[in-house]
Amino acid sequence: MEQNQIDQQIIKKDVTSRKGLFIFLGFVIVALVIGIMKLFTMCTQGTRSFSSDEYIAVVYIEGIIEPINDSYDHQWAIDTIYSLSTDPDNKGILLYIDSPGGAVYQSDELYLELMEYKAETDRPIFAYLGPQATSGGYYIACAADYIYANRNSITGSIGVISGQSVDLSKFLETHGIKINTFYAGKNKVMLGIDTPVTPEQEEIMQKIADECYQQFTGIVAESRQLPLEQVIELSDGRIYTAQQALENGLIDEISRFSHVETTLSEEYGAELFYLYPEIEKSFYDYLLGAFSNNKKPESINTLDSILEITGSNIPFPAFMYQEGIVIP
């Protein structure tokens, strides 16, 4: 009798372990299928068939504007615009922008590449603002001769963040933590978490922000043919709806993307060719992403969580719209 009970317990444990193994293998198989499908999709994007037909290139600018991330590849964007300028079959560019902005350097570099494209080819650039085209996203749109927006687009946020500082010196002192940094130059380690910001350092960072801001507002004024004083009044960092942007002269027309596609294709007698960045991802990236998407937000009660929220991978200074942080 006792031997039968022991045998049954062994069988139950074996069944349980097998179920766990099957569940794990199921997750792996699903993630593998998703990864293969995404890789196949990326391999079929951005490759133009050999054709003598004239075309308008629809270039997608999505995600945070920085060197590279899951949705944006800066070098790809620069190389693509340059390649289009050397292709005689290309008759223009339609930018599809869905971006909160990003680094000043990359935003301006792409803007200048687009302006060079126009200067060298005398071809038009159009911009379509998707769900969000704020700050650096709108900065890039200013290279366009005509700006469309969806009626639910959010744009604007014309302003600059030159840097961020989190002063944890009192927190560290309270918990007996001391950071020793060896340096030369009194402002070399400014904005560190273990030292308060001095008035001189505040002035340094503010001058950087002001200089970038003057550049931004000057570009908007030139692109939109608006008085600089009016642009500065609009450029207090606030976001605008598409209707508000239209009323303030920041865009030219509210329309659906499909209507813009049809209009440009018919007007220029050209087909539309769609270009996306080919972001390479490993199977591990997809598997990690699948698990991280299920991670629940934690309360902000530790030093790690504070640094995780206040930290940023965006190179400063930045043309970046930052949504507020909701603390549970």
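Please read these numbers as outputs of a predicted model, since none were measured by experiment. Sequence order as written defines residue numbering, which begins from 1 separately in each chain. pLDDT decides what is reported in this predicted model: residues at 70 or higher carry local features, side-chain atom pairs at 80 or more are listed and counted, and totals for whole chains, interfaces and linings draw on all residues regardless. Heavy atoms from the whole structure form the basis of all side-chain values; hydrogens and water molecules are not counted.

## Brief notes about the packing of helix α2 (residues 74-85) against helix α3 (residues 104-121)
Two measures define how a pair of helices packs: the angle their axes make with one another and the distance between the axes. For helices, the fitted axis covers only the stretch in contact; all axes are lines through C-alpha atoms, and the angles between them, taken along N-to-C directions, range from 0 to 180 degrees. What counts as a helix is a DSSP run of H or I of at least four residues, what counts as a strand is a run of E of at least two, and both are numbered from the N terminus. With their axes 9 Å apart at the nearest point, α2 and α3 run at an angle of 5° to one another. With respect to α3, the axis of α2 lies roughly parallel. Contacts between α2 and α3 involve H74, A77, I78, I81, Y82, L84 and S85 from the former and Q106, E109, L110, E113, L114, Y117, E120 and T121 from the latter. Asp, Glu, Lys and Arg are counted as charged, while Ala, Val, Leu, Ile, Met, Phe, Trp, Tyr, Cys and Pro are counted as nonpolar; the rest, among them Gly, fall into the polar class. Looking at the contact of α2 with α3, its residues break down into 8 nonpolar, 4 polar and 3 charged. Under this scheme an angle from 65 to 115 degrees is roughly perpendicular, one under 35 degrees roughly parallel, and one over 145 degrees roughly antiparallel; angles in between are oblique. By definition in these notes, contact holds between two residues if any of their heavy atoms fall within 4.5 Å.

## A few points about the packing of aromatic side chains
Between the rings of Phe, Tyr and Trp (Trp by its six-membered ring), a pair exists once the centres lie within 6.5 Å; its type follows the angle of the planes, with under 30 degrees stacked, over 60 edge-to-face, and the other angles tilted. One pass over the structure, following the stated rule, counts 10 aromatic pairs. An angle of 35° between the planes, with centres 5.0 Å apart, marks the rings of Y60 and Y96 as tilted. Residue Y60 is found in strand β1 (residues 55-62), and its partner Y96 is found in strand β2 (residues 90-99); the two are separated by 36 residues along the sequence. In this structure, Y60 and Y96 share a single accessibility class: buried. Think of it in three bands: residues with accessible area under 20% of the maximum for their type are buried, residues over 50% are exposed, and the middle band is partly exposed, with areas taken using a 1.4 Å probe on protein chains only.

## Things to note about unusual backbone geometry
Backbone geometry at D122 places phi at a positive 60°, although glycine is not the residue there. A positive phi angle, close to 55°, is found at Q225, a residue other than glycine. Summarising the element assignment, Q225 is placed in the loop between α6 (199-224) and α7 (228-234). What makes Q225 exposed here is its relative accessible area of 72%.

## Observations regarding helix α9 (residues 257-268)
Multiply 1.5 Å by the residue count of a helix minus one, and that product is the helix's expected span. For α9, with 12 residues, the first-to-last C-alpha span of 17 Å sits near the 16 Å given by 1.5 Å per residue. F257, V260, E261 and L264 are the residues of α9 that are buried. Viewed along the axis of α9, the buried residues span an arc of 100°, placing them on a single side of the element. In this fold, the buried residues of α9 make contact with β1, β2, β4 (125-134), β5 (146-149) and β9 (271-275). Where α9 terminates, the next one or two residues include G269, which has phi positive at roughly 60°. Here, the arc refers to the directions that run from the helix axis to the C-beta atoms.

## Looking at the environment of Y240
Mapped onto the elements, Y240 comes out in strand β7 (residues 239-241). The spacing of Y240 and I154 is 86 residues in sequence and 5.8 Å in space, taken between C-alpha atoms. Those residues in contact with Y240 that lie beyond four places of it in its chain are S153, I154, T155, G156, L234, A245, N248 and L250. Pairs of N or O atoms within 3.5 Å make up the polar contacts considered here, provided that, within protein, one atom can donate a hydrogen while the other can accept it, and that residues adjacent in sequence are counted only when both atoms are side-chain atoms. From its side chain, Y240 meets the backbone oxygen of L234 in a polar contact 2.6 Å long.

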